[in-house]
Amino acid sequence: MPYFGVLHRYRHLLDIPAHTAQVSLLEGNTLLIPMPRLAKELGGGFELWVKFEGLNPTGSFKDRGMTVAISEAVGRGVKAVICASTGNTAASAAAYAARAGLRSIVLIPQGKVAAGKLAGAVAYGAQVIQVEGSFDEALSLVVEITQRHPIALVNSLNPYRLEGQKTAAFEICDLLQAAPDWLCLPVGNAGNITSYWMGFKQYDRLKTTGLPHILGVQAAGAAPLVLGHPVDHPETVATAIRIGRPARGEQALQAAEESAGRIISASDDEILSMQRRLAAEGVWVEPASAAGLAGWAAEIRLGNIRPHGWRVVAVCTGHGLKDPDIITRTSPAPRLIPAEMGALEEAILET
Ligand SMILES: *Cc1c(COP(=O)(O)O)cnc(C)c1O
């Protein structure tokens, strides 16, 4: 049967109004990729799969929630949508608004958005506004303006975003025929961890697929849920999770607790090193996307988790192409040679 996107496939399981339209770019149905070599390198004793959400139409999991948020907005006659974004939400909102013929406005923190994300938002025709401030400040502005004007808010404060994002948990259970033992994922504004937990619980009630332990991982420089207080100046290379006041923080902590999991932090070095290890097995993700697995690796190394033949799914939330600079900036430029065989042989055969 042809595939028509997450609303078409899972609409009956989503808590959304009847007026919801169907604006889709055929998001979802992303690959669950086995990573046997990386599992072995991390000590073995578990089965590792990557849910590669970078394969969504705009390169991140945000598309799952955006198809639902925009579809709902269209169904009630909205003409414009707005969001604050560290980048991926902007690109996704712009794409789905374009698909629906709506105006889109996105607020980004000045100078802190990866090149591939900004370019996406612009390409899809959003009005992009840079704010002299953090993501958290941009989000406050967006919330306030939607209370004053008839513009729909499509940040994950919008409950339909979470409904759409639940579908990733459904897909994992459908594919593995059960929930995994552990799910690890990065945590920024904490909408995604909240959605996964909602999705796994719902599927378990319906189909007794079981529940995973959830390992949520924040970047060490932006770890309010680990520190127990907001972070005023969050800093990390993982720009997608550079958030100091997570909108869904309480729910994220609850997901960790209810699932007998936890929320921890990983340093930028650990995150970038895991980004390279994933790429070394053929999966290039953006830095934030490597945080979940970086946290898992640290828990094993510290002896906090001892794998017992577990099945582990790591959610890799966005594609490496979103943030190419982080790779090119930290690697030597390709060597330049004359167009001669001798020079080529010398370049590739030496050492
Ligand atoms: C948005 C985003 C996150 C964080 O998700 P939250 O729902 O805000 O916790 C992580 N990684 C990528 C690539 C993202 O775009």
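See the structure shown above.
Let me begin by describing the structure that accompanies this report. (Residues numbered from 1 in each chain as written. Predicted model: local features only at pLDDT ≥ 70, side-chain atom pairs only at ≥ 80, totals over all residues. Heavy atoms only, no water.)

## As for the layout of surface pockets
Counted as a void, the largest pocket has a volume near 210 Å³. As for the largest pocket, its lining consists of 14 residues, of which Ala-114, Val-237, Thr-239, Asp-323 and Arg-329 are closest to the centre. Counted by class, the lining of the largest pocket contains five nonpolar, three polar and six charged residues. Of the pockets and cavities examined, the second largest pocket occupies roughly 160 Å³. Together, Glu-41, Leu-42, Glu-270, Ser-273, Met-274, Arg-277, Ala-294, Ala-297, Ile-300 and Arg-301 line the second largest pocket. Where the lining of the second largest pocket is concerned, the elements lending two or more residues are helix H12 (268-279) and helix H13 (291-301). Split into classes, the residues belonging to the lining of the second largest pocket amount to five nonpolar, one polar and four charged. (1 Å grid on protein atoms, 1.4 Å probe; cavity = no way out; pocket = protein on both sides within 12 Å on 5 of 7 lines; lining within 4 Å. Points joined across faces, edges and corners; volume = space filled by probe spheres on them. Nonpolar A, V, L, I, M, F, W, Y, C, P; charged D, E, K, R; others polar. Helix = DSSP H or I, 4+ residues; strand = E, 2+ residues; numbered from the N terminus.)

## Brief notes about the sheet that holds strand E2 (residues 46-52)
Remark on secondary structure: sheet strands pair via backbone hydrogen bonds, oriented parallel or antiparallel. Judged by pairing direction, the sheet is mixed, and its six strands sit side by side in the order E1-E2-E10-E7-E8-E9 without closing on themselves. Single-partner strands in this sheet number two, and they are strand E1 (32-34) and strand E9 (262-266). Strand-to-strand twist across the sheet, computed as the mean angle between neighbouring axes with direction ignored, equals 25 degrees. Direction of pairing for strand E7 (residues 182-186) relative to strand E10 (residues 310-316): parallel, over a ladder of three bridges. Within E10, the residue paired with Trp-182 across the bridge is Val-312. Contacts from H13 reach E2, E7, strand E8 (213-219), E9 and E10, with the element oriented near 110 degrees to E8. (Pairing = 2+ DSSP bridges. Axes fitted to C-alpha atoms, helices over the stretch in contact; angles between N-to-C directions. Contact = heavy atoms within 4.5 Å.)

## Quick notes on a nonpolar patch on the surface
Residues Ile-337, Met-341, Leu-344, Ile-348 and Leu-349 make up a contiguous nonpolar surface patch of about 500 Å² in total accessible area. Mapping Leu-349 onto the fold places it in helix H15 (residues 341-349). (Patch = residues over 30% accessible without salt bridge, like charges linked within 9 Å, V, L, I, M, F, W, Y side chains within 5 Å. Areas by Shrake-Rupley, 256 points an atom, 1.4 Å probe, with all protein chains shown as cover. Salt bridge = Lys/Arg side-chain N within 4 Å of Asp/Glu carboxyl O.)

## As for the pairing of strand E3 (residues 80-84)
In terms of burial, E3 is a largely internal element, five of the five residues being buried. A two-sided burial pattern is seen for E3, the buried positions comprising Ala-80, Ile-82 and Ala-84 on one face and Val-81 and Cys-83 on the other. Pairing of E3 with strand E4 (residues 103-109), which is carried by five bridges, proceeds in the parallel orientation. Within E4, the residue paired with Ala-80 across the bridge is Arg-103. With helix H4 (residues 88-100) bridging E3 and its parallel neighbour E4, the resulting β-α-β unit is right-handed. As defined by bridge partners, E3 adjoins strand E6 (residues 152-153) across two bridges and the pair is classed as parallel. When the bridges of E6 are listed, Ile-82 appears paired with Leu-153. (Buried < 20%, exposed > 50% of the residue type's maximum accessible area, 1.4 Å probe, protein only. Right-handed = clockwise from strand over helix to strand, strands pointing away.)

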